[in-house]
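Residue strings, one per chain:
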Amino acid sequence: MINNESSHGNSPIDYPSALARIGDDESFLEELLDLYKMDFGTKIEGLQKAIEQEDFVSMQELGHSLKGSSANLSLPFLQQAAVDMESAGRDKNLDNARGALGSLGQEFQNLQEFLSAKE
Amino acid sequence: MIQVLIAEDDKLCRTILEKNLNKWGYEIISTEDGKEAWRVIQEKKIQIAILDWIMPKMDGVELCKKIRGKKWDEYIYLIMLTVRSKQSDIRKGFAAGVDDYITKPFDTHELKARLQTGKRIIGLQNQLLDSQKKLQEIATHDTLTNLLNRYEILNILTDEFHRSLRENKPVSTVMLDIDFFKKTNDSYGHNVGDEVLIEVASRLRGTLRRYDKVGRYGGDEFLAILPGCDLKNAGRIAERLRRAVCKERIKTEAGQLYVTVSLGCASSENQSYKSIEYLVKFSDKAMYHAKNMGRNCVIAS
């Protein structure tokens, strides 16, 4: 069960906004979050590989894609980390890409913890 | 039911679209890249397409340009869905031919409202196409007999004449005039005359081959075009037309009338006929010859 808790600065997900956006269907939001988590795993692996191979195009593309899905579900911190990854790819800045990858991992863990505490 | 194409590579976004569009009663076809979307658009009757900008194989802008570059039976309403929200991006999208633009993350209530607008535009567009079709029908057909009118039958003759030159095959014309039609009109009135014209037209149309054309050339004159036909065959077909008209009496409000026609044929196999004017003129001459020969006959020489 997901609570309709109002968003605050530290919450990894803005529930009211996400719910309103997808049509006020809680179980659908849960379904989408599961989808997001599965997709996130694949993309993180892709990003790790891209950083190893200094493949800046993939960093930009994967960052762009994560930015979109994070925004769709109102995950502001994950969205920001994805924006940073996209920029790092565009600027061909490997250090920033590594930093963004770390933030993505950390923010994802925060989200997981937050969601399991809600259950 | 409105058929909507979704072209979106992001599974999450696609799922949100699918779920909501289903709920709102749209029929959906989902695709994951631009190329697949282009294939579906050509095969299925799509009325609204929601296109993501950045997709593998072919992006939304390119897909949009491809769609607008082709002629379709019905208008396709295009909505671009993208994270890009800069003014210059929006302008680029519209320049490619999109009708509406929604930035991600989108709000489902807003999407619903925008789809309604799309539905309304499609409705208006279809009304316009319908009235265009009706106008085209009125402009090319004779309102009494529903045969092609003089303007259209001459247009078709021009096309067929040029085709016959290109393909080196003859085209023939048959001019046909109802015998003593003025007498029918004078004796029984114009209503009966109209009944005769309608029935003669219907018998002519029912007798010709599928690819032949017949039109009302003047008051009681009809012109048939027989593609690929030499003069000898034109004579045969004209004879079939003559019999079709006179074989049964025509039922009118003044009783059953025996109606006959006189027919004259001309063919482009005669190399001195250098334009459609010659064909019309000589089939007309042959028709008058048939009148002089005692009517109810065919002249093809």
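For the structure itself, look to the data block above.
If you're wondering where the values come from, they're calculated on a predicted model, not measured in any experiment.

Thresholds applied
Numbering of residues begins from 1 in every chain and follows the order in which that chain's sequence is written. Chains and ligands are labelled by the order in which they are written, letters from A for the one and numbers from 1 for the other. It should be noted that, the model being predicted, local features are given only for residues of pLDDT at least 70 and side-chain atom pairs only at 80 or more, the latter also being counted only at that level, while totals for whole chains, interfaces and linings use all residues. Whether a residue is buried, exposed or partly exposed is read from the other C-beta atoms within 10 Å of its own C-beta, which are placed from the backbone; 20 or more gives buried, 12 or fewer gives exposed, and intermediate counts give partly exposed. Each helix is a run of DSSP H or I of at least 4 residues and each strand a run of E of at least 2, with the numbering of both proceeding from the N terminus. Each C-beta atom gives one direction from the helix axis, and the arc is the one those directions make. We call two residues in contact when their backbone-placed C-beta atoms lie within 7 Å. Note that Gly is not counted as nonpolar here; it falls among the polar residues with everything else outside the nonpolar set of Ala, Val, Leu, Ile, Met, Phe, Trp, Tyr, Cys and Pro and the charged set of Asp, Glu, Lys and Arg. In these notes, a nonpolar core means any group of buried Ala, Val, Leu, Ile, Met, Phe, Trp, Tyr and Cys residues linked to one another through C-beta atoms within 7 Å. Should DSSP find at least two bridges between two strands, the strands are regarded as paired. Assignment of crossover handedness uses the view with strands pointing away from the viewer, where a clockwise path from the first strand over the helix to the second indicates a right-handed crossover.

Novice: Outline helix 3 (residues 60–68) of chain B, supporting the account with residue identities and numerical values.
Specialist: Residue and element names in this part refer to chain B. Within the sequence span of helix 3, burial applies to G60, V61, L63, C64 and I67. Viewed along the axis of helix 3, the buried residues span an arc of 160°, placing them on a single side of the element. Against strand 1 (3–7), helix 2 (34–43), strand 3 (48–52), strand 4 (77–82) and helix 4 (87–96) lie the buried residues of helix 3.

Novice: So what's going on with the interface of chain B and chain A? Which residues, and what values?
Specialist: Facing 14 residues of chain B, the contacting portion of chain A comprises 15 residues. For the side of chain B that touches chain A, the leading source of residues is helix 1 (residues 11–23) of chain B, giving seven residues. Here the residues of the side of chain B that touches chain A sort into six nonpolar, three polar and five charged.

Novice: Kindly report on the nonpolar core, identifying the contributing residues and their values.
Specialist: By size, the foremost hydrophobic cluster in this structure holds 60 residues, and its most contacted members are A:M85, B:A49, B:I50, B:L51, B:C64 and B:L78. With seven residues, the top contributor of residues to this core is helix 2 (residues 26–52) of chain A. In this view, B:A49 contacts B:L5, B:A7, B:I41, B:I76 and B:L78; residues no more than four positions away in its chain are not counted. Among the nonpolar cores identified, the runner-up in size contains 42 residues, and B:V196, B:L241, B:I250 and B:Y273 belong to it.

Novice: Now, about the pairing of strand 3 of chain B: what can you tell me, with residues and values included?
Specialist: Residues and elements named next belong to chain B. Of all five residues making up strand 3, five are buried, and the element is well covered by its neighbours. Side chains I48, I50 and D52 project from strand 3 onto one buried face, and the interleaved A49 and L51 project onto a second face that is buried too. Bridge count between strand 1 and strand 3: four bridges; the pairing is parallel. Directly across from I6, in strand 3, lies its bridge partner I50. Sheet topology note: the strand 3/strand 4 ladder contains five bridges and is parallel. Bridged to A49 within strand 4 is L78. Following the backbone out of strand 3, through helix 3 and into the adjacent parallel strand 4, one traces a crossover that is right-handed.

Novice: For the environment of B:R249, give the residues involved together with the corresponding values.
Specialist: Of note, B:R249 is situated in the loop between helix 9 (231–246) and strand 9 (250–252). Excluding residues within four positions of it along the chain, B:R249 makes contact with B:Q256, B:L257 and B:Y258.

Novice: Could you give an account of the environment of B:K213, with specific residues and numbers?
Specialist: Its location among the elements puts B:K213 in strand 7 (residues 213–216). For the pair formed by B:K213 and B:I153, sequence separation is 60 residues and the distance between their alpha carbons is 7.5 Å.

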